[in-house]
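So you can see what is in the structure, the chains are spelled out below.
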Amino acid sequence: CCYCWGRRRRRRRRVVYERMMRLNVLFLGCILFRVLCAEVEFVPAEEAAELEKQDAAFAAEKIAALQKELEIAQEAAKKAAAAAAAKKESPKGEEGSKSDDGDSGAKKFDGREIAEKSSEDVEVKNNKHSSPVTAVSDKEAEKISEDASDSERDVKNKESETSPITSIKNEEDSSTPLTKNGDDEIEKNEKIDALRAAAESLVQKLKDTIEEESKLLNELNEKLADLKSVGVSDHEDQLSTASTNSDNNKEILEKKVEDPRILRTATWNMAAINNNPFEYWITYESNEGKESYELLMEKISQIINEPETFSEINISVEKIFTNDMFEELISLMKDANLVSSEESVEKYDQIREYWKDDLKNRNIITDFLKDAMLGKKRLISMPDRVTNTIQLYQGGIASRPTVINCFKEKSLSTINEWWPVWKQFMFGEILEIDASVHKKPINMLVPIKKSKYPDLDMAEELISIPLSAVTLAIFDAILVYILASTNIDWQSIRTNMCHALNEQKNPRTASILESSVYSNMDVIFLQESSSAFATLAKERDLANQFFDINIGSDADPSRDQNSLILTKKNAWNDLKDLTKEVLSKFTPSSSSDSSSSSSLSKSKNPFAPGDLVLYSATRVIDNQQYLLASFHGDTNGLATIPIIDLIHSFHKKEYKDSILLFGLDANTHFSSDSPKKTAFVGDFLKSLQGHSLTSCYGLNADTLEYTTFNARTFLQPQLNKAVRASEKNSSPNVDKNPKDFILYYNNDFSSIIDGPHKDNTGSGSFVKDIVFPTLQFPSDHAITYVTLQTKIPKSNS
């Protein structure tokens, strides 16, 4: 239609045709975008509606911008037309009119119809601004004016062939309006070209966006198809899939927060408060204080390991702990009645002989601190354990004046400052241990039995209490002397470490669990929790907003090593404590793995009070019953397999329709030693497999990674376990083992949606090759957390 209508007006036809084509391209681009969006089947209706709203808003915004450009162009055209009309009203404009009349008479000259039509077009253009009822649009008028100008030029060229004077006259008369119209036309064309370029750019962007989104959608559909085609029987394949598609799984997880199959869980051995801030190597996250700490610890390592280089420090005991100090100590012990009166003379004479013939002549480093036999006899570590940091009945602590705790009441810079403070604490302070128990620290020392520590001889066993008091005093004096010799302000370093690792340990632990990483967990298993932490949690959002704190009926408040279960508030019902019930069913023969328990006594319960907590609970979202367990294994991990056997048997007999979820510190090790002194992680995994259990890390011992990485320093009583800074990655004394697991039955969970993850920073991330605790992460165990997907709930199957 456009072609036929504009046949005789080639310029108009071309312009209209181009405009229609541009509109068609834009229109078809929009249709294509809508069609592609409509073909995406997985987009929910609500999301599709939202996308349509966004598209409509975007289109409206673009149309508004184009309309604004058009209005600007129209306003410019109106101004140009008004200027032209004003010039026509002037005398020069009248001459121009006469010239136009003369031009219209050109019909007589060459008889062409186009001259007459050009005169009519010019008249229409000149009158369109003054007539309020004109039907000609601005853009049409611009094109008509352009056509008229072309016609006039044709007539003038024809006239110039016969009358040069007429040609010159016409050029003079028409020069001003034609030049103005030409400028307007150029300006209009430039704006039209700019609009055209913007429209074409928009269409191209739409095409590119549609193409890119189509490609992403196809990739996502392929991933979803792959996930659907993978079976759920092989747990190792599930781990691989979870690792490969972690980003997609996180997106799915965010969209399925209320999916009853999704369950988030974590386990963490918080570790009881470490009284000695110097006992383990720690990592400084920032440079503040790092240099001083590392310089101090390296200096101590050199002194202990290279005593020949520091001969001025490696002096005899009596030069530090003098004979007068020893006799004063004997007198104080007699007044404290450490031994019965009828035996006191004989026993104290034995101690004097021990001092005179042995102890006072030893060099403080080579013969005392590094004497392995003193460690095996527990003559230093045992009295240190009971007097280092004493928990008081009314709350608070009492610390022995020593380097290896957080004592801060007085300065311990020299032996002369230390000795009177030490005597006052051990023999002068009366501490309230219980409601009816008040003791001096010296009276808290316990006998050391040869039956338990065979390296101790019978004579030493009989005087073990006063003898251990003497060795403890010598040990504390040596540490004060060595640290004073470093010329480093060790007390300021210790104060900062105590604040981060001891005083702020429970608040920092609570803050980590209250963070966004863990506050949305469905259940968290904790081990080695102190009573102070449980009390603190009840005063914070941890217990008031996020979790219910579940303590076992077997918990021992005095041990500060109790397991806990934190259940998300309003997510669980019908919680029932089953701890005592399950422990009552334990018999020494209930462990199915005889080799694993060969080092355990067959006649008693190997589980310490508070190590296990077991609850049954019903999850609100799907009405499914769970059996939730948290356990802390013994130091060597030998009680781990027996507890798994016990829980498995209890579940099978009493709660077979429940889903078992078990978080534990198994205290398993990478290495396997023949005497079975420590639990080998391979044996632990075989035990799980025999019960159709699995762990969040799988059942392949070769692919497991460590969850603990700690090493002892030389500022602690057991120097045979100490590690130099340069040996933290190579020494066999380093504890770098896989100890923390979340266990469940293969048939209860279909896949791992996210994880498993380890965290040694408190922010959900894991930094490799650093020892922990750190100043920001107050535990020597990493947190393990994972998001699981259950199968069809048993209660709804």
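Residues numbered from 1 in each chain as written. Predicted model: local features only at pLDDT ≥ 70, side-chain atom pairs only at ≥ 80, totals over all residues. Heavy atoms only, no water.

Counting its regular elements, the chain contains 26 helices and 18 strands. Within the chain, the fraction of its 797 residues that count as buried is 45%. Considering only contacts within the chain whose residues lie at least 6 apart along the sequence, 76% involve residues at least 24 apart. About 40100 Å² of surface is accessible on the chain, with carbon and sulfur atoms providing 50% of the total. (Helix = DSSP H or I, 4+ residues; strand = E, 2+ residues; numbered from the N terminus. Buried < 20%, exposed > 50% of the residue type's maximum accessible area, 1.4 Å probe, protein only. Contact = heavy atoms within 4.5 Å. Areas by Shrake-Rupley, 256 points an atom, 1.4 Å probe, with all protein chains shown as cover.)

Next up on the list: the state of the cysteines. Counting across every chain of the model gives one disulfide. The disulfide bridge from C406 ends at C498, spanning 2.1 Å between sulfur atoms. Linking C406 and C498, the disulfide has an S-S dihedral of approximately -100° and is accordingly described as left-handed. Of this pair, C406 sits in the loop between β3 (397–399) and α17 (415–428) while C498 sits in helix α20 (residues 490–503), and the two are 92 residues apart along the sequence. (Disulfide = S-S within 2.5 Å.)

Another point: the sheet that holds strand β18 (residues 783–790). Strand pairing within a sheet occurs via backbone hydrogen bonds; the two strands may be parallel or antiparallel. Read from one edge to the other, the open sheet built from six strands follows the order β7-β8-β6-β1-β18-β17, with strand pairing classed as mixed. At either margin of the open sheet sits one strand with a lone partner, and together these are β7 (547–551) and β17 (749–759). Adjacent strand axes in the sheet meet at a mean angle of 20° when their direction is disregarded. In terms of strand pairing, strand β1 (residues 262–269) meets strand β6 (residues 523–529) through five bridges, oriented parallel. Directly across from T265, in β6, lies its bridge partner V523. The sheet strands contacting helix α21 (residues 505–514) are β1, β6, β7, β8 (562–568) and β18, and the helix crosses β1 at an angle near 165°. (Pairing = 2+ DSSP bridges. Axes fitted to C-alpha atoms, helices over the stretch in contact; angles between N-to-C directions.)

Pairing between side chains becomes possible if they bear opposite charge and their charged atoms approach one another. Overall, the coordinates contain 18 salt bridges when judged by the stated rule. Taking the shortest distance from any N to any O, the salt bridge between E306 and R724 comes out at 3.6 Å. On the criterion of sequence distance, the pair formed by E306 in the loop between α11 (290–305) and α12 (323–335) and R724 in the loop between β15 (693–695) and β16 (740–745) is long-range, its members being 418 residues apart. In this structure R724 comes out as buried when scored by relative accessible area, which is 18%. (Salt bridge = Lys/Arg side-chain N within 4 Å of Asp/Glu carboxyl O.)

This brings us to a nonpolar patch on the surface. Together, F27, L28 and I31 line one region of the surface with nonpolar side chains, adding up to about 310 Å² of accessible area. Checked against the element boundaries, L28 lands in helix α2 (residues 10–38). The exposure class of L28 is exposed, given its relative accessible area of 54%. (Patch = residues over 30% accessible without salt bridge, like charges linked within 9 Å, V, L, I, M, F, W, Y side chains within 5 Å.)

Once that is clear, we can look at the pairing of β16. In summary, the side chains of a regular strand alternate between the two faces of the sheet. Burial runs high along β16: six of the six residues are buried. Side chains of β16 alternate between two faces, with D740, I742 and Y744 and F741, L743 and Y745 buried alike. In this structure, strand β12 (residues 659–665) lies alongside β16, joined through four bridges in antiparallel fashion. Note on β16: the bridge partner recorded for F662 is L743. Summarising the sheet, β15 and β16 pair through three bridges and their orientation is antiparallel. Across the sheet, residue S695 finds its bridge partner in β16, namely L743.

Along the chain, G552 falls in the loop between β7 and β8. G552 sits 24 residues away from K576 along the chain, and the two C-alpha atoms are 10.0 Å apart. If sequence neighbours within four positions are ignored, G552 has contacts with D577, T579 and V613.

With that out of the way, let us pick up the sheet that holds β16. The sheet built from six strands is open, its strands ordered β9-β10-β11-β12-β16-β15 with mixed pairing. The sheet is open, and its two borders are formed by β9 (572–577) and β15, each paired with just one other strand. If you compare each strand with its neighbour and ignore which way they point, the axes differ by 20° on average. Packed on one face of the sheet, helix α25 (residues 640–654) meets β10 (612–619), β11 (624–632), β12, β15 and β16 and runs near 165° to β12. Contacts between helix α26 (residues 681–690) and the sheet are confined to β15 and β16, with β16 contributing the most and set at about 15° to the helix.

Axis separation between α12 and helix α13 (residues 341–357) bottoms out at 12 Å; the angle between their running directions is 160°. The orientation of α12 with respect to α13, classified from their angle, is roughly antiparallel. Viewed along their axes, α12 and α13 form a crossing whose handedness is right-handed. Of the residues in α13, those in contact with N323, F326, E327, I330, M333 and K334 of α12 are Y348, I351, R352 and W355. In the contact of α12 with α13, the residues fall into six nonpolar, one polar and three charged. (Parallel < 35°, antiparallel > 145°, perpendicular 65-115°, else oblique. Left-handed = near helix turned anticlockwise from the far one by under 90°. Nonpolar A, V, L, I, M, F, W, Y, C, P; charged D, E, K, R; others polar.)

Moving on: α11. With 16 residues, α11 ought to run about 22 Å at 1.5 Å a step, and its terminal C-alpha atoms sit 22 Å apart, in line with that. Among all positions of α11, only Y293, L296, M297, I300, S301, I303 and I304 are buried. One face of α11 carries all of its buried residues, which in axial projection span an arc of 165°. Of the exposed residues in α11, the ones pointing more than 90 degrees away from its buried face are E291 and L295. Of the surrounding secondary structure, the elements contacted by the buried residues of α11 are α14 (364–369), α19 (464–485) and α20. (Expected span 1.5 Å × (residues − 1). Arc of directions from axis to C-beta.)

With that settled, consider α26. α26 sits mainly inside the fold: seven of its ten residues count as buried. The first or second residue beyond α26 is S692, which carries a positive phi of 60°.

Before going further, it helps to examine the confidence of the model for the chain. Counting all residues, the mean pLDDT for the chain is 79, and 71% of those residues have values of 70 or more. When mean pLDDT is compared element by element in the chain, β16 scores highest at 98, while helix α5 (residues 106–110) scores lowest at 39. The low-confidence segment residues 91–144 (pLDDT under 50) makes 63 contacts with residues lying over four places distant or belonging to another chain. Low pLDDT (under 50) marks residues 593–603, which in the prediction has 20 contacts with non-local residues, meaning those over four places away or in another chain. (pLDDT = per-residue confidence, 0-100.)

Under the criterion given, the structure shown has 20 aromatic pairs. When the centroid spacing of 5.0 Å and the interplanar angle of 70° are considered together, the rings of Y744 and F749 count as edge-to-face. Judged by relative accessible area, Y744 falls into the buried class, the value being 2%. Residue classification places F749 among the buried positions, given a relative accessible area of 2%. Cluster of aromatic residues (ring-pair linked, three or more members): W268, Y706, F709, F766, F772 and F777. The lysine or arginine in question, K758, covers the ring of Y706, its NZ or CZ lying 4.7 Å from the ring centre. We note K758 situated over the ring of F766; from NZ or CZ to the ring centre the distance is 4.0 Å. (Phe/Tyr/Trp six-rings, centres within 6.5 Å; stacked < 30°, edge-to-face > 60°. Lys NZ or Arg CZ within 6 Å of the ring centre and 35° of its normal.)

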